[in-house]
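Chains, contacts and geometry: an overview
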Amino acid sequence: MFSYYLDLALRSLRRNKALTALMVVAIALGIGASMTTLTVLHVLSGDPLPGKSAQLYYAQVDPQDIKGMQPNKEPPDQVTLIDGLNLLHAGRADHQALMSGGSVPVQPEQSSLDPFYVEARYTTADFFAMFDAPFLYGHGWTAADGEAKARAVVIARSLNDKLFGGANSVGRTLRMAGTSFRVVGVLDSWQPNPHFYDLNTGSYAYGEQVFLPLQTMLELRLDRNGSTDCWGNGGGGVGSILPSDSCVWLQFWAQLDSPAKAAAYKEFLVHYSQDQKALGRFERAPNVRLRNVMQWLDYQMVVPDDVRLQNGLAFGFLLVCLVNTVGLMLAKFMRRAGELGVRRALGASRRALFAQLLIESGVVGLVGGFGGLLLALFGLWLVRQRPSAYAALAHLDLSMLFTTFVLAVCATLLAGLLPAWRACQIAPTLQLKSN
Amino acid sequence: MQIRHVLAALPRHKLVCLLVVFEIAVAFAILCNAVFIINQRVQQMRIDTGITEDRLIFVRTDGVGADANAPLITRNLLALRGLAGVKSAVAMFGLPLENMSINFKPWLTADMKIRAPSVGMVAGTPGYLDTLGLTVVQGRGFTDADYDGVDQTSKPLSPVVIVPRELAERLWPGQNPIGQKIWRSPTRSYTVIGVVQRMVRGYLREDFVPGYTALFAIKPVAAYSGLYVMRVDPQDRERLVRESAELLMRLDPDMLINAKGSYADARADYFRQDASLAWLLLAVCVAMLLVTAMGIAGLANFWVQQRRRQIGIRRALGATRRDILHYFQTENFLIVSGGIVLGVLLTFALNLLLTMHYELPRLPIVYLPVGALALWLIGQAAVLGPALRASAVPPVVATRSV
């Protein structure tokens, strides 16, 4: 029966080629545009550390002075150096890391290479274990190394390839900012997207080339990137001047393996704020937040507004295309009232007629979907040519490929539903008589 | 007369008509809002920065490092001024739209009770106002005595400041801004000595007013030694960008050059994202109108085929070709008008949704008649072919059976 209906559908579609082409093109354009933008949205709102992100929490406390306080206002997005170090040394989480970003000049030993800047992450020992950073060679530095301001560095694979030809460089020396560092580890390719642990340095396609102990950076006064927010008399943060204690400029992450531990840690942050208030450092009532990775990304609205806007617009366009197709299909099915009447009169049930018409619209959807897929691939190629940081990430994965076809066929079946139902409504005698 | 005929016939295709009305309504709503967004971006991209953009080039370096190296800045500036074609050269911070900015909210009273909105910091070495092409419209410019260093927190020590007219009018409405004071901390205040017409900050944000900046006078200091800006003739820009970068590299082979170019390039870079969004919206709008037009044409074509007999009868009863043509044109006009009426409601709903999520202003009413006119024209253009074909149906069709 299916193959017979399919044959009927193809015949009918062939009979009016222009109209069929119009429907297919409309569906393809709508699907192509919406799948392009949906894929970009899907890539950008993905989980940077699947399986681990629920255990990683971003801590916020409110060390600001009493001026400008408003009830229910969020605490600052980052922590001050003194609070970060206090939380770090308290060690209440399963793992914790304090960090900030910057850039350092690398002075290669090979005279063939000019000095160049690399992005750096200044952090503490637990960073690598917490974020599942994969090591190709060696390992991170220890907490004791960090406290001792060790001149130790972990470098990214790409930098290792550039400077050491991809060989195991553990133990080798790397000169940066006029200081010799010992390479202790080489990371395998690693670039979580979004760059969740510090969104100030760019949310996407941002990867550090070197990782240094934070304490070493504080001693050497290396350059910082990212955002600094100050209040009261706070200032600094330009060149070699570190931001003062009334500035937030670091990120504090904690790994808490169970919800109970997370609740306990939040409690700890409240106690910490109370203690600091008793000491006279904090002026405000405890105002703390503890968000896991996905909650943090959501709160920071990391997906660019433009991308959401494009996606909304593309689905609006798809709606126009679908309504267009419904209209054309309806007109087409109604015009075939005579033919359908004959089939009804010869004994075909309404259900059979309905199935036949749905198959016809399904074929249009399938072909349109395929066209849409090609258009989406082209659209994503176009997106990749754009200058934004996330452009390079725009690739169609398997789940999105599947979604495209499901969307196309569902959309067209849905579009065929109303016309098919309408066409099956009229009594056969009427349809026969009408002509 | 014609309209009554058309109206009488419309209910025979109730469902199809409603669908087309809905399609046009959605297309209308998207079109109006998308064009509005495009227009917003274009307005943003056209922002007047207040400086003479076509005469400026820049080289951004990693700076001179420690404070002890500050004399190197003076040396570099002297060398840059020695290049043929360089009219002036300064080190500065806060070039408009350079994609970074230091912002602060100054206090307006010594007791720190009244706070101004966010202001972008601009600072430069002697002569930087002239280099940028900023003219003082009230009060005086900086004199050599005004230029001084920076403190531990990188705030300028010089106690004078120049503000754009826009900021002066916001902070001291109806008063003379000259002699007014702003505080950046309880111990650091600045007195307004002059007003410039306009100066835009380094980074635009929805919650910042672009033209709220404060211009400070600094000596060459390590903290602000990264950006060299030169005034040149437009035709020399390309050559001097190359030569000045080479010169700086020669003076200090360890120096890193992060970026260089004409100011026009930097500005285009800043707006690249907005430009690409505008183009994308435009492409979608065009595709949408095309699909809508093809849909209308396809449907009209269908109706013409379906009504050949009726057309023939009307022709046989005396209707002219023109009558038939007008019939289809009127029908299209009525359907599109219906779509526009519904579309106006949808447009406002969509705009409300956008204003809630994207800090977009309200849609100006003027977009509605323009959008309506566009859809009427597109509808008429789409129906013209089928309508002409309908008018060509000979009366003799009436006498034939199918």
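What counts, and at which threshold
- Residues numbered from 1 in each chain as written.
- Chains lettered and ligands numbered in written order.
- Predicted model: local features only at pLDDT ≥ 70, side-chain atom pairs only at ≥ 80, totals over all residues.
- Heavy atoms only, no water.
- UniProt positions renumbered as here; feature names shortened; annotations may be inferred.
- Helix = DSSP H or I, 4+ residues; strand = E, 2+ residues; numbered from the N terminus.
- Phe/Tyr/Trp six-rings, centres within 6.5 Å; stacked < 30°, edge-to-face > 60°.
- Buried < 20%, exposed > 50% of the residue type's maximum accessible area, 1.4 Å probe, protein only.
- Lys NZ or Arg CZ within 6 Å of the ring centre and 35° of its normal.
- Domains from an automatic or database assignment.
- Buried area = accessible area lost by both parts, 1.4 Å probe.
- Salt bridge = Lys/Arg side-chain N within 4 Å of Asp/Glu carboxyl O.
- Polar contact = N/O pair within 3.5 Å; in protein donor to acceptor, adjacent residues only side chain to side chain.
- Nonpolar A, V, L, I, M, F, W, Y, C, P; charged D, E, K, R; others polar.
- Expected span 1.5 Å × (residues − 1).
- Arc of directions from axis to C-beta.
- Core = buried A, V, L, I, M, F, W, Y, C linked by side-chain atoms within 4.5 Å.
- Contact = heavy atoms within 4.5 Å.
- Axes fitted to C-alpha atoms, helices over the stretch in contact; angles between N-to-C directions.
- Parallel < 35°, antiparallel > 145°, perpendicular 65-115°, else oblique.
- Left-handed = near helix turned anticlockwise from the far one by under 90°.

Naming follows an unreviewed UniProt entry, where chain B appears as ABC transporter permease of Rhodanobacter panaciterrae. Here is the UniProt Sequence similarities (unreviewed entry) comment for chain B, exactly as written: "Belongs to the ABC-4 integral membrane protein family."

In the nomenclature of an unreviewed UniProt entry, chain A is known as ABC transporter ATP-binding protein of Rhodanobacter panaciterrae. Per UniProt, the comment on chain A under Subcellular location (unreviewed entry) is "Cell membrane".

We now examine the UniProt feature "domain: ABC3 transporter permease C-terminal" (unreviewed entry) in chain B. This chain's UniProt record puts "domain: ABC3 transporter permease C-terminal" (unreviewed entry) on residues 285-394 of chain B. Strand forms 0% of residues 285-394 of chain B and helix 85%; the C-alpha atoms that close the span are 39 Å apart.

Turning our eyes to something else, we now look at the packing of aromatic side chains. Scanning the model with the defined rule gives 31 aromatic pairs over all chains in all. Ring geometry for Tyr-272 of chain A versus Phe-282 of chain A: centroids 6.1 Å apart, planes at 85°, classification edge-to-face. Note that Tyr-272 of chain A is positioned in helix H8 (residues 259-279) and Phe-282 of chain A in the loop between H8 and strand S12 (289-292), a separation of 10 residues in sequence. Neither Tyr-272 of chain A nor Phe-282 of chain A differs from the other in exposure class; each is buried. Between the aromatic rings of Tyr-270 of chain B and Phe-271 of chain B, the centroid separation amounts to 5.0 Å while the plane-to-plane angle is 85°, which identifies the pairing as edge-to-face. The pair Tyr-270 of chain B / Phe-271 of chain B is uniform in exposure class, with both members buried. Seen from the ring of Trp-107 of chain B, Arg-115 of chain B lies directly overhead, with NZ or CZ sitting 4.1 Å from the centre.

All names here are of chain A. In terms of domains, chain A is made up of domain 1 (2-45 + 304-434) and domain 2 (53-299). When each unit is reduced to the centre of its C-alpha atoms, the spacing between domain 1 and domain 2 is 50 Å. The contact between domain 1 and domain 2 buries some 460 Å² in all, and 65% of this surface belongs to carbon and sulfur atoms. If you look at where domain 1 meets domain 2, you find zero salt bridges. Our count for the contact surface shared by domain 1 and domain 2 stands at zero residue pairs in polar contact (both at pLDDT 80 or more). Of the residues belonging to the side of domain 1 that touches domain 2, the class tally is five nonpolar, one polar and no charged.

Let us look at helix H1 (residues 2-15) of chain A. Residues and elements named next belong to chain A. The terminal C-alpha atoms of H1 lie 20 Å apart, and with 14 residues this matches the ideal 20 Å at 1.5 Å per residue to within 8%. Every buried residue of H1 is listed here: Tyr-5, Leu-8, Ala-9, Ser-12 and Leu-13. Here the buried residues of H1 occupy an arc of 130° about the axis, which is enough to place them on one side. Exposed side of H1, more than 90 degrees from the buried face: Ser-3 and Arg-14 are the residues found there.

Another point: the pattern of salt bridges. All names here are of chain B. With the rule as written, the count across this model stands at 27 salt bridges over all chains. Across the salt bridge formed by Asp-48 and Arg-198, the nearest N and O atoms sit 4.0 Å from each other. With Asp-48 in the loop between helix H2 (14-45) and strand S1 (56-61) and Arg-198 in the loop between strand S8 (188-196) and strand S9 (213-217), the pair connects residues that are 150 residues apart, well separated along the chain. In this structure Asp-48 comes out as partly exposed when scored by relative accessible area, which is 46%. On the basis of relative accessibility, which here comes to 22%, the residue Arg-198 falls in the partly exposed class. Put simply, Arg-267 and Glu-53 hold a salt bridge, and the shortest N to O gap is 2.6 Å. Of this pair, Arg-267 sits in helix H7 (residues 263-270) while Glu-53 sits in the loop between H2 and S1, placing them 214 residues apart in sequence.

Let us now look at the nonpolar core. Most often, soluble globular proteins have nonpolar side chains that are buried together. Phe-317 of chain A together with Phe-328 of chain B are the most contacted members of the largest nonpolar core, which has 100 residues in total. By residue number, the principal contributor to this core is H2 of chain B, which donates 16 residues. Leaving out residues up to four positions away in the same chain, Phe-317 of chain A has contacts with Leu-29, Gly-30 and Ala-33 of chain A together with Ile-30, Val-284, Ala-287, Met-288 and Val-291 of chain B. Counting 45 residues, the second-largest nonpolar core is a separate cluster that includes Val-106, Phe-181, Leu-250 and Tyr-265 of chain A.

All names here are of chain A. Two numbers describe how helix H3 (residues 81-90) lies on H8: the axes approach to 12 Å, and their chain directions differ by 130°. One finds that H3 runs oblique with respect to H8. You can see that H3 and H8 cross each other, and the crossing is right-handed. Contacts from Ile-82, Asp-83, Asn-86, Leu-87 and Ala-90 of H3 reach H8 at Tyr-265, Phe-268, Leu-269, Tyr-272 and Gln-276. Of the residues contributing to the contact of H3 with H8, the split by class is seven nonpolar, two polar and one charged.

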